[in-house]
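Structure at a glance
Here is what each chain is made of, one letter per residue.
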Amino acid sequence: MQSDSRPVIAVLGGSGKEGSGLAFRWAHAGYPVIIGSRTAEKAEQAAKEINDALGRPAARGLDNPAAAAAATIVVLTVPFAAQRKTVEEVRPALTGKILIDVTVPLVPPKVSRVQLPGGRSAVEAIQELLGPEVKVVSAFQNISAHHLKDLDYVIECEVLVCSDDRATGDLVVGMAKEIGLRAWVEGTYRGRVYSQAAAVPSQPLAIVFGAGYWPSGRLSDALADRMEAAIALYEAGTVNKLLLTGDNRFADYNEPAAMAAYAEERGVPREDLVLDYAGRRTYDSCYRARAIFGVERAVLVTQDFHLPRALYTCDRLGLEVVGLAADRQAYVRAAWYDLREVMALARAWLDLELLTPEPVLGDPIPVDWSRRSDQVP
Ligand SMILES: NC(=O)c1ccc[n+]([C@@H]2O[C@H](COP(=O)([O-])OP(=O)(O)OC[C@H]3O[C@@H](n4cnc5c(N)ncnc54)[C@H](OP(=O)(O)O)[C@@H]3O)[C@@H](O)[C@H]2O)c1
């Protein structure tokens, strides 16, 4: 497993029971991990224990502020009494990052009773302290430290991820799944994702994302399902045109053309198909939809696993979108899609929140999305 495409995770209090267990599992899953401690020596010792157990240099140790500064995702696993103080100490290093708060507001001596600060959740208080520059997420409170270091132990527990930001929540869900935990996030996309074409409200166009085809020209199962869902939208009159976006980096690989051939064969007029040959990844497709093709509103057509990232990307790039889940079967490569999606979501988060790279661009291509080819102006 490559770790260089993954965000660096710093676990503050990672010398303790819960933090060392989570850090161990993330290091094992391939994340670059930093143990944070009040003393660098203690952190180095905890990191060494992880590296010795894994037999490779997967973790290193730093004091808490340095650990937070060197990471993209910071996990807080200190006793509740030290939660606010620790956050204040590392605060300057948290801007633009994700803070996952694992602390449980238990105050000794009554450690069996949760004591909410000022009648609200402990994580809300931290989010208020840090402001919108830091995405604070609450998760893993119900995961006992007890079995985390036993990789063969199946932890039968659901992780509830609480986040104001759906993409950040999805990212943390992915991090939980990668260490063998089932996790869920309260979704802010509810009401914007449809499973039936007939239920989708009218939009000027549907954006269909490429998903591979065979040398014979036959579309992958996932892509054929996306095309069928998009054609259903077109036939129902829900959309005027289809924007087919995919990869055409090589002369003998032309995803948008393969998609267009499929749509034409199913009766969609060529004039209502717009092809984007530089949609190499979701970020590029969404960026170019707006920058090159002047798209402002659209239905995104893709499988359910990909919709959160596609919706999040468009939201951040200023497009007004809803999603149609194109799933029509159990996909042979579903496990691979899920795994890849975790990494892709991490990359999307970096691109949209920190890097905002410019994809391959060019002159704008004006398209009249307001009507279909058989409608008279
Ligand atoms: N243990 C569990 O099963 C479990 C499960 C779910 C959630 N949690 C939550 O996770 C958090 C950590 O639990 P834990 O059992 O891992 O605790 P822990 O082992 O007692 O402490 C974790 C680390 O916090 C740091 N720490 C301790 N006292 C501190 C203080 N006064 N100021 C700053 N840092 C201090 C220490 O690191 P350094 O000395 O290296 O700085 C320590 O190794 C708690 O909020 C707990 O409620 C625990």
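First, a word on scope: everything that follows refers to the structure included in this document. Model, not experiment: these values are computed from the prediction.

So, about the overall build of the protein chain. If you tally the helices and strands in the protein chain, you get eleven helices and 14 strands. Scaling as 2.2 N^0.38, a compact globule of 377 residues should have a C-alpha radius of gyration of about 21 Å, and the protein chain matches this with 23 Å. Principal-axis analysis of the C-alpha atoms gives the protein chain an extent of 75 × 45 × 40 Å. Taking the intrachain contacts of the protein chain between residues at least 6 apart in sequence as the baseline, contacts between residues at least 24 apart amount to 69%.

This brings us to helix 11 (residues 334-355). Taking 1.5 Å of rise per residue, 22 residues should cover 32 Å, and helix 11 covers 29 Å from first to last C-alpha, within 8% of that figure. Within helix 11, the full set of buried residues consists of L345, A346, A348, W349 and L352. Its buried side turned inward, helix 11 meets helix 6 (166-178), helix 9 (282-291) and helix 10 (307-317). Directly beyond the C-terminal end of helix 11, a positive phi value near 35 degrees is found at T356.

Attention shifts here to the packing of helix 10 against helix 11. With their axes 11 Å apart at the nearest point, helix 10 and helix 11 run at an angle of 5 degrees to one another. When the axes of helix 10 and helix 11 are compared, the pair comes out roughly parallel. Note on element contacts: helix 11 touches helix 10 through E341, A344, L345, A348 and L352, opposite R309, Y312, T313 and R316. Among the residues forming the contact of helix 10 with helix 11, the class breakdown is five nonpolar, one polar and three charged.

A few words on the sheet that holds strand 1 (residues 9-12). Ordered in space as 3-2-1-4-5-6-7-8, the eight strands form an open sheet in which the pairing is mixed. Two strands bound the open sheet, and with one partner strand each, they are strand 3 (59-63) and strand 8 (182-185). Each strand axis lies, on average, 25 degrees off the axis of its neighbour in the sheet, ignoring direction. Bridging between strand 1 and strand 4 (residues 73-76) involves four bridges; their strand directions are parallel. Within the sheet, the bridge partner assigned to V11 lies in strand 4 and is V75. Packed on one face of the sheet, helix 2 (residues 40-54) meets strand 2 (33-37) and strand 3 and runs near 170 degrees to strand 3. Here helix 5 (residues 122-130) sits on the sheet and contacts strand 5 (98-101), strand 6 (135-138) and strand 7 (158-163); the angle it forms with strand 6, its principal contact strand, is near 170 degrees.

Around the ligand sit 23 residues, and of these G13, G16, S37, A82 and T103 come closest. Looking at which element gives the most residues to the shell around the ligand, the answer is helix 1 (residues 17-29), with three residues. The class makeup of the residues in the shell around the ligand is nine nonpolar, ten polar and four charged.

Turning our eyes to something else, we now look at the nonpolar core. Of all hydrophobic cores here, the largest spans 114 residues; its most connected members are V33, V75, A206, L233 and L242. The element best represented in this core is helix 7 (residues 221-235), accounting for nine residues. Summarising the domain contributions, this core has at least three residues from each of domain 1 (9-138) and domain 2 (193-355). Dropping the residues within four chain positions of it, A206 is found in contact with A230, L233, V239, L242, A298, V299 and V301.

Right, let's get into unusual backbone geometry. Not every positive phi belongs to a glycine, and F140 is a case in point at roughly 70 degrees. Looking at the secondary structure, you find F140 in the loop between strand 6 and strand 7. Despite not being glycine, T356 has its phi angle at roughly 35 degrees, a positive value. If you trace the backbone, T356 turns up in the segment after helix 11.

The next point concerns the sheet that holds strand 13 (residues 297-302). With respect to topology, six strands assemble into an open sheet ordered 9-14-13-10-11-12, the strand pairing being parallel. Looking at the sheet topology across the chains shown, the edges are occupied by strand 9 (193-194) and strand 12 (273-276). Sheet analysis places strand 10 (residues 205-209) next to strand 11 (residues 241-245), joined by five bridges and oriented parallel. Opposite L205, over in strand 11, you have K241 as the bridge partner. Where helix 8 (residues 255-265) meets the sheet, its contacts fall on strand 10, strand 11 and strand 12, and the angle it forms with strand 12 comes to roughly 165 degrees.

Thresholds, definitions, all that
Residues numbered from 1 in each chain as written. Predicted model: local features only at pLDDT ≥ 70, side-chain atom pairs only at ≥ 80, totals over all residues. Helix = DSSP H or I, 4+ residues; strand = E, 2+ residues; numbered from the N terminus. Rg over C-alpha atoms; globule rule 2.2 N^0.38 Å. Contact = placed C-beta atoms within 7 Å. Expected span 1.5 Å × (residues − 1). Buried ≥ 20, exposed ≤ 12 C-beta atoms within 10 Å, placed from the backbone. Axes fitted to C-alpha atoms, helices over the stretch in contact; angles between N-to-C directions. Parallel < 35°, antiparallel > 145°, perpendicular 65-115°, else oblique. Nonpolar A, V, L, I, M, F, W, Y, C, P; charged D, E, K, R; others polar. Pairing = 2+ DSSP bridges. Near = placed C-beta within 6 Å. Core = buried A, V, L, I, M, F, W, Y, C linked by C-beta atoms within 7 Å. Domains from an automatic or database assignment.

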